[in-house]
Amino acid sequence: MTTIKLTTSVNAPMEDVFNISRDIDFHKHSASQTQEKAIAGVQSGLIAMGETVTWRGKHFGIWLTHKSIISAYKYPSYFVDEMVDGNFKSFKHQHYFIEDGHKTMMKDVLSYTVPYGFIGMIIDYLFLKRHLTHFLKVRNESIKQYFS
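The present account deals with the structure reproduced in this document. It should be emphasised that the depicted structure is a prediction, and the values quoted were computed from it without experimental measurement. (Residues numbered from 1 in each chain as written. Predicted model: local features only at pLDDT ≥ 70, side-chain atom pairs only at ≥ 80, totals over all residues. Heavy atoms only, no water.)

### Some details on the overall build of the chain
Helix and strand counts for the chain stand at 3 helices and 7 strands. Element order for the chain, N to C, with α for helix and β for strand: β-α-α-β-β-β-β-β-β-α. Computed over C-alpha atoms, the radius of gyration of the chain comes to 15 Å, within 12% of the 15 Å expected from 2.2 N^0.38 for 148 residues, which places it in the range of a compact globule. Residues counted as buried form 43% of the 148 residues belonging to the chain. Put simply, of all contacts in the chain between residues at least 6 apart along the chain, 47% involve residues at least 24 apart. Carbon and sulfur atoms make up 55% of the accessible area of the chain, which totals about 8,200 Å². Charge-centre separation for the chain: the mean point of 17 positive side chains lies 7 Å from the mean point of 14 negative side chains. (Helix = DSSP H or I, 4+ residues; strand = E, 2+ residues; numbered from the N terminus. Rg over C-alpha atoms; globule rule 2.2 N^0.38 Å. Buried < 20%, exposed > 50% of the residue type's maximum accessible area, 1.4 Å probe, protein only. Contact = heavy atoms within 4.5 Å. Areas by Shrake-Rupley, 256 points an atom, 1.4 Å probe, with all protein chains shown as cover. Lys, Arg positive; Asp, Glu negative; His and termini not counted. Charge placed at Lys NZ, Arg CZ, Asp CG, Glu CD.)

### Concerning unusual backbone geometry
Between Y75 and the following residue, P76, the backbone shows a cis peptide bond with an omega angle of -5°. For P76, the position within the fold is in the loop between β4 (62-74) and β5 (78-85). Residues other than glycine seldom take positive phi values, yet F60 does so here, at roughly 55°. Here F60 is to be found in the loop between β3 (52-59) and β4.

### Brief notes about a negative patch on the surface
A cluster of like negative charges, contributed by E15, D16, E99 and D100, occupies part of the molecular surface. The set of elements that each furnish at least two residues to the negative patch consists of α1 (14-21) and β6 (90-100). Structurally, the position occupied by D16 is in helix α1. A relative accessible area of 36% places D16 in the partly exposed class. (Patch = residues over 30% accessible without salt bridge, like charges linked within 9 Å, V, L, I, M, F, W, Y side chains within 5 Å. Salt bridge = Lys/Arg side-chain N within 4 Å of Asp/Glu carboxyl O.)

Here it is as structure tokens:
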């Protein structure tokens, strides 16, 4: 299992950062580099506990789909999206929000397991972890810029 941990300070109230982090329309904007589109489930607005979204995006030149469910939810401090169907053996993205004065500390903990045994582990080491880290950093920078 691979785990990516990021912490991002956002100059906005916790509730606002929480809400934009689960906004389907904002995700489409922040993930435009991969041409992400919601193709099933919640396709616009805010996703909530128990709801699903299926994304289609281009990663490494290949169109991939990824269906997630919001499996845990505590407004406005925490939610989890977990893969229901997709290209990973497992995929769990925990989102934490901590009030820090007039700012919000946003913490991402993304844990996933790749398929294909040893070959999958090599692909993860050489490309995938770096790609997913960059994807999250771009998303988080988009959130920061939205509130600046």
